[in-house]
Amino acid sequence: MSKTTLATGLVISLMLGLLSSTPSNAQETYIDNTCKQNQQLDEFDRFTVMYKSEFKIKGQTYWFYSGQYIDASPIVCISRPGFKQAKPLNIQQIQSGYIDKIGKDPRNKTAFLVTVREGNGSYVPITQYRLNLSTPNKPVMTKLRTWKSGQ
């Protein structure tokens, strides 16, 4: 056997070993319908956290996060770090659609831009909101703009 053949075989073995030992969902975080983390839930009882961001208000740290159910319906939550004092934000505009995107509002450290799609397919209404969490117990949603998908 040549040195090249041995080296190629070693590289292939290492690559196969890496591929087989990497779990596909090692980084997923699951929450229940009360926004509490629970990695033991089966797929019909859990939401997968799709977005999480930390922010501060008056020296207090909070987490804002969103989970997605198996049918893509969302849950939007706020908690203290470590999912402590977790609770859903009952905001009809978000809970009734599908969240396409969430990001921090560059103009406000306690606000987030949330893009909600009202259905699947082409030409469904999409709305972008600003969610202001400067008063965590009283979140304020402001509609920024609306358009149709596929345009």
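Residues numbered from 1 in each chain as written. Predicted model: local features only at pLDDT ≥ 70, side-chain atom pairs only at ≥ 80, totals over all residues. Heavy atoms only, no water.

1. Things to note about the side chain of S149
Position of S149 among the secondary structure elements: in the segment after β9 (140-148). Overall, the relative accessible area of 11% leaves S149 in the buried class. (Helix = DSSP H or I, 4+ residues; strand = E, 2+ residues; numbered from the N terminus. Buried < 20%, exposed > 50% of the residue type's maximum accessible area, 1.4 Å probe, protein only.)

2. What about the pairing of strand β4 (residues 74-80)?
Within a regular strand, side chains alternate between the sheet's two faces. Across the 7 residues that make up β4, a large majority, 6, are buried. Relative to strand β5 (residues 84-88), β4 runs antiparallel, the two sharing 3 bridges. Residue pairing for β5: C77 is matched across the bridge by P88. Counted between consecutive antiparallel strands, the loop separating β4 from β5 contains 3 residues, among which G82 sits at a positive phi close to 80°. (Pairing = 2+ DSSP bridges.)

3. Notes on the pattern of salt bridges
Taken as a whole, this structure holds 2 salt bridges when the rule is applied. Between D100 and R117 there is a salt bridge, and its shortest N-O distance comes to 2.9 Å. Residue D100 is located in strand β6 (residues 98-104), and its partner R117 is located in strand β7 (residues 111-117); the two are separated by 17 residues in the primary sequence. On the basis of relative accessible area, D100 is assigned to the partly exposed category, the value being 39%. Judged by relative accessible area, R117 falls into the buried class, the value being 19%. (Salt bridge = Lys/Arg side-chain N within 4 Å of Asp/Glu carboxyl O.)

4. Regarding the nonpolar core
Judged by nonpolar contacts, the single largest core of 19 residues is most densely connected at F55, F64, L89, I94, L131 and L133. Where this core is concerned, the elements lending two or more residues are β2 (47-57), β3 (60-68), β4, β6, β7 and β8 (125-132). The contact partners of I94, leaving out residues within four places of it in the chain, are P74, V76, I99, V114, V116, L131 and M141. One finds I31, C35, W63 and I75 within the second-largest nonpolar core, a separate group that totals 10 residues. (Core = buried A, V, L, I, M, F, W, Y, C linked by side-chain atoms within 4.5 Å. Contact = heavy atoms within 4.5 Å.)

5. Description of the packing of aromatic side chains
Using the criterion set out here, one finds 8 aromatic pairs in the structure. With 5.0 Å between their ring centres and 85° between their planes, W63 and F83 make a pair best called edge-to-face. Of this pair, W63 sits in strand β3 while F83 sits in the loop between β4 and β5, placing them 20 residues apart in sequence. For the pair W63 and F83, one class covers both residues: buried. The structure contains a cluster of three or more aromatic residues connected by ring pairs, namely Y51, F55, Y62, F64 and F112. Directly above the aromatic system of Y30 lies the positively charged group of R46, at a separation of 3.9 Å from the ring centroid. (Phe/Tyr/Trp six-rings, centres within 6.5 Å; stacked < 30°, edge-to-face > 60°. Lys NZ or Arg CZ within 6 Å of the ring centre and 35° of its normal.)

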